[in-house]
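Here is how the chains run, residue by residue.
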Amino acid sequence: MRLYSKAINMSYVKEIAKIYDYLADRYDYIYQSPVNHGENRVVFDLVEKHMGKSILDIGCGTSLFLEYLNPSKYLGIDVSEKMIALARKRYPERHFIVGDMHNLPLKDETFDTVVSLFSCLNLTLTPKMIADEILRVLKPGGHFIGTVVGLRMKYNILAGPKDHDWRNIPITYYTQKSIKEAFGFEELQILGLNYLGNLFEKHERYVNNEFGLLGRTAPDLARHMIIIGRKSLSTV
Ligand SMILES: C[S@@+](CC[C@H](N)C(=O)[O-])C[C@H]1O[C@@H](n2cnc3c(N)ncnc32)[C@H](O)[C@@H]1O
């Protein structure tokens, strides 16, 4: 990457860290709707299915992950110091570090499973750089599970975040095609989650039912796209 784009990337990451430092105290409260719970349930069932012994949680926030699952080895990383402070307070026995997903301060081939849940991977100008970092720290044969938002969220149909105006911040909105281009996984599955957005705010079960019926048809139109990737076993 050329030097000037590195500098742009660094100031972008600083800007994002500031936003999450600002949101941190309200973050858990904001994502408490029945729809959020329904989405979490679907995503964590999938994570559990692919979970190895050691987990890296990129953009862990206050660690929603540990609310749902209890892995033996867990490391949460986040660029926001305030989010990490809250995570440490909630889970003092667990490991958390402040760091940037574009340049993970971690050794190659360390984790059985890497997760990045609920849109952290959208907060970049250089998605390929993050995809390469994820592959680097995954052990051969390890799994990645991530959820990102696509064009559906860009146009804010039925689903936009209510708390903060993201329209002023450049965000990478993914498509199935751009995910396939960025991630060099040996196996890659992309699923759609929640086509109805916030329409059934009181009925989290619709999120689950709908996933069963439609989840495999049109991920580009869903509120979240779930990426399930497996790194090749061979290192050649
Ligand atoms: C929408 S929140 C999701 C938090 C958590 N995964 C969850 O599901 O509740 C996105 C998180 O990504 C973090 N983040 C954004 N850019 C990052 C970066 N470059 N490196 C590490 N974390 C980042 C933010 O600070 C924030 O905590």
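For the structure itself, consult the block above.
In short, a report on the structure. (Residues numbered from 1 in each chain as written. Predicted model: local features only at pLDDT ≥ 70, side-chain atom pairs only at ≥ 80, totals over all residues. Heavy atoms only, no water.)

## Notes on the sheet that holds strand E6 (residues 187-193)
Pairing in this open sheet of seven strands is mixed, and the strands run E3-E2-E1-E4-E5-E7-E6 from one edge to the other. Of all the strands in the sheet, just strand E3 (95-98) and E6 have a single pairing partner and so form its edges. Put simply, the sheet's adjacent strands are angled 15 degrees from each other on average, direction ignored. Note that strand E1 (residues 54-58) and strand E4 (residues 111-116) share three bridges and pair parallel. By the bridge assignment for E4, Leu-56 is matched with Val-114. (Pairing = 2+ DSSP bridges. Helix = DSSP H or I, 4+ residues; strand = E, 2+ residues; numbered from the N terminus. Axes fitted to C-alpha atoms, helices over the stretch in contact; angles between N-to-C directions.)

## Re the site of the ligand
Near the ligand you find 19 residues, and of these Gly-59, Asp-78, Asp-100, Met-101 and Leu-117 are the closest. Between the ligand and the protein, one listed contact pairs an oxygen atom with a side-chain N or O atom of Asp-78 at 2.6 Å. Between the ligand and the protein, one listed contact pairs a nitrogen atom with a backbone N or O atom of Leu-117 at 2.9 Å. Burial of the ligand by the protein amounts to 97% of the accessible area it has alone, namely 590 Å². Ranked by residues supplied to the shell around the ligand, first place goes to helix H1 (residues 3-30) with three residues. Residues of the shell around the ligand, tallied by class, amount to 12 nonpolar, five polar and two charged. (Near = heavy atom within 4 Å. Polar contact = N/O pair within 3.5 Å; in protein donor to acceptor, adjacent residues only side chain to side chain. Areas by Shrake-Rupley, 256 points an atom, 1.4 Å probe, with all protein chains shown as cover. Nonpolar A, V, L, I, M, F, W, Y, C, P; charged D, E, K, R; others polar.)

## Section: the pattern of salt bridges
Under the definition given, this model contains 13 salt bridges. Linking Asp-45 and Arg-41 is a salt bridge whose minimum nitrogen-to-oxygen distance equals 3.1 Å. On the criterion of helical spacing, the pair formed by Asp-45 and Arg-41 is a turn pair, its members being four residues apart in helix H2 (residues 34-49). When its relative accessible area of 33% is taken as the criterion, Arg-41 is described as partly exposed. For Glu-187, the salt bridge identified is with Arg-230, shortest N-O distance 3.2 Å. Of this pair, Glu-187 sits in strand E6 while Arg-230 sits in strand E7 (residues 224-230), placing them 43 residues apart in sequence. Residue classification places Glu-187 among the partly exposed positions, given a relative accessible area of 43%. Overall, Arg-230 belongs to the buried group, its relative accessible area being 15%. Among the ionic contacts, a cluster of salt bridges with common partners joins Asp-28, Glu-67 and Arg-90. (Salt bridge = Lys/Arg side-chain N within 4 Å of Asp/Glu carboxyl O. Buried < 20%, exposed > 50% of the residue type's maximum accessible area, 1.4 Å probe, protein only.)

## Focus: helix H5 (residues 127-137)
Turning to H5, its buried residues are Ile-130, Ala-131, Glu-133, Ile-134, Leu-135 and Val-137. Here the buried face of H5 lies against E1, E4, strand E5 (138-148) and helix H7 (176-182). (Contact = heavy atoms within 4.5 Å.)

## A closer look at the packing of aromatic side chains
Evaluated as defined, the whole model comprises nine aromatic pairs. When the ring of Tyr-27 is compared with that of Tyr-31, the centres are 4.9 Å apart and the planes differ by 50 degrees; the resulting orientation is tilted. Their ring planes at 5 degrees and their centres at 4.5 Å tell us that Phe-44 and Tyr-68 sit as a pair that is stacked. Of the two residues, Phe-44 sits in helix H2 while Tyr-68 sits in helix H3 (residues 65-68), which places them 24 residues apart along the sequence. When its relative accessible area of 0% is taken as the criterion, Phe-44 is described as buried. Classification of Tyr-68 by relative accessible area gives partly exposed; the value is 21%. By the ring-pair criterion, three or more aromatic residues cluster together here, those being Phe-44, Phe-65, Tyr-68, Tyr-74 and Phe-96. Over the ring of Tyr-22 we find Arg-26, and its NZ or CZ is 5.3 Å from the ring centre. (Phe/Tyr/Trp six-rings, centres within 6.5 Å; stacked < 30°, edge-to-face > 60°. Lys NZ or Arg CZ within 6 Å of the ring centre and 35° of its normal.)

## Here's the deal with H2
The end-to-end C-alpha distance of H2 is 23 Å, a good match for the 22 Å that 16 residues give at a rise of 1.5 Å each. Burial in H2 covers these residues: Val-35, Asn-36, Gly-38, Glu-39, Asn-40, Val-42, Val-43, Phe-44, Leu-46 and Val-47. (Expected span 1.5 Å × (residues − 1).)

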